[in-house]
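Structural characterization, general
Residues per chain, in single letters:
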Amino acid sequence: MSHQTSRRHFLRGGFNRPAVMRPLGALAPMTFEDTCTKCGDCARACPEGIIFRDDEGFPVVNLRRGECTFCNACVEACEPAALVAGTTWDWRAGATDQCLSKTGVQCRTCEDHCDARAIRFKLLVGGRSEPVFDRDACTGCGACAAPCPVNAIHFTHISQPQEDSTC
Ligand code: SF4
Ligand code: SF4
Ligand code: SF4
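Residues numbered from 1 in each chain as written. Chains lettered and ligands numbered in written order. Predicted model: local features only at pLDDT ≥ 70, side-chain atom pairs only at ≥ 80, totals over all residues. Heavy atoms only, no water.

Examining the UniProt feature "binding site: [4Fe-4S] cluster 3" (unreviewed entry) in the chain
Where we set the bar: UniProt positions are given in the numbering used here, feature names are shortened, and annotations may be inferred rather than shown by experiment. Secondary structure elements are defined from DSSP: runs of H or I of at least 4 residues count as helices, runs of E of at least 2 residues count as strands, and each element is numbered from the N terminus. Note on contacts: a residue pair is in contact if any heavy atoms of the two residues lie within 4.5 Å. Accessible area is worked out with a 1.4 Å probe on protein chains only. A residue is then buried under 20% of its type maximum, exposed over 50%, and partly exposed in between.
Residues annotated by UniProt as "binding site: [4Fe-4S] cluster 3" (unreviewed entry) correspond here to C138, C141, C144 and C148. Summarising the element assignment, C138 is placed in the loop between β5 (129–133) and β6 (153–157). Each residue touching C138, except ones within four places of it in the same chain, is listed here: R92, A93 and A118. Along the polypeptide, C141 turns up in the loop between β5 and β6. Residue C141 is classed as buried on the basis of its relative accessible area of 17%. If we ignore the near neighbours within four places in the chain, the residues touching C141 are L63, E67, C68 and F70.

Written as structure tokens, this is what we have:
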């Protein structure tokens, strides 16, 4: 890690920041921010239109805007190699308390959109039910997120099980 990197991340609290959902294949956070030139090529290459700029101009994925198909177009478009092939996608879906089913309103939209069949519903008292996400089956694709009528799907990085993404 360079002195410049170390100082920047110290000043920004980088060592304790919640994980940010970078595009597929992103290098480790500090290395990524040193390598990415903020050119925007990954965003232009994404056929799903789910890559945006964060406040600093770095690319960030928003799965509430659509699904990642793991097509690799963003990786292939990244000339500085801030995105590299063969890296796992370590995000998993969950539901916040905004979920309609948790409040007693019938909804199975997320389950209907999950090809991996990673979502099941657990019955609760009072006619409520709770979506339960199988973290082994979930691919983190985000197909469940955009269709959710109340934006209740959130994503967690497997290395930070208590931290939500900005997505
Ligand atoms: S893998 Fe494909 S769909 Fe996913 S963010 Fe990259 S370009 Fe978009
Ligand atoms: S689609 Fe959203 S509101 Fe509906 S059950 Fe899933 S998380 Fe809950
Ligand atoms: S992120 Fe994809 S695999 Fe995971 S629960 Fe949602 S639709 Fe299913």
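Examining the UniProt feature "binding site: [4Fe-4S] cluster 1" (unreviewed entry) in the chain
What UniProt calls "binding site: [4Fe-4S] cluster 1" (unreviewed entry) maps, in this numbering, to C36, C39, C42 and C46. Following the sequence through the fold, C36 ends up in the loop between α2 (29–35) and α3 (41–45). Residue contacts for C36: discarding those within four places in its chain leaves F58, P59 and A82. Structurally, C39 can be placed in the loop between α2 and α3.

Examining the site of ligand 2
The condition is simple: Only a single heavy atom is needed: when it lies within 4 Å of a molecule or strand, its residue is near that molecule or strand. Under the scheme applied here, ten amino acids are nonpolar (Ala, Val, Leu, Ile, Met, Phe, Trp, Tyr, Cys and Pro), four are charged (Asp, Glu, Lys and Arg), and all others, including Gly, are polar.
Looking at ligand 2, there are 13 residues lining it, with C99, L100, C107, C110 and C148 nearest. Each residue belonging to the shell around ligand 2 can be placed in one class, and the counts come to 11 nonpolar, two polar and no charged.

Structural notes on the nonpolar core
The cut-off we apply is this: Each nonpolar core is a collection of buried residues, namely Ala, Val, Leu, Ile, Met, Phe, Trp, Tyr and Cys, held together in the definition by side-chain atoms within 4.5 Å. Residue ranges labeled as domains rest on an automatic or database domain assignment.
Membership of the largest hydrophobic core comes to 36 residues, with the highest contact counts inside it found for L63, I153 and F155. Broken down by secondary-structure element, the contributors of at least two residues to this core are α4 (73–77), β3 (91–95), β4 (119–123) and β6. If one sorts the elements of this core by residue count, β3 sits on top with three residues. Three or more residues apiece are contributed to this core by two domains, here domain 1 (3–77) and domain 2 (91–157).

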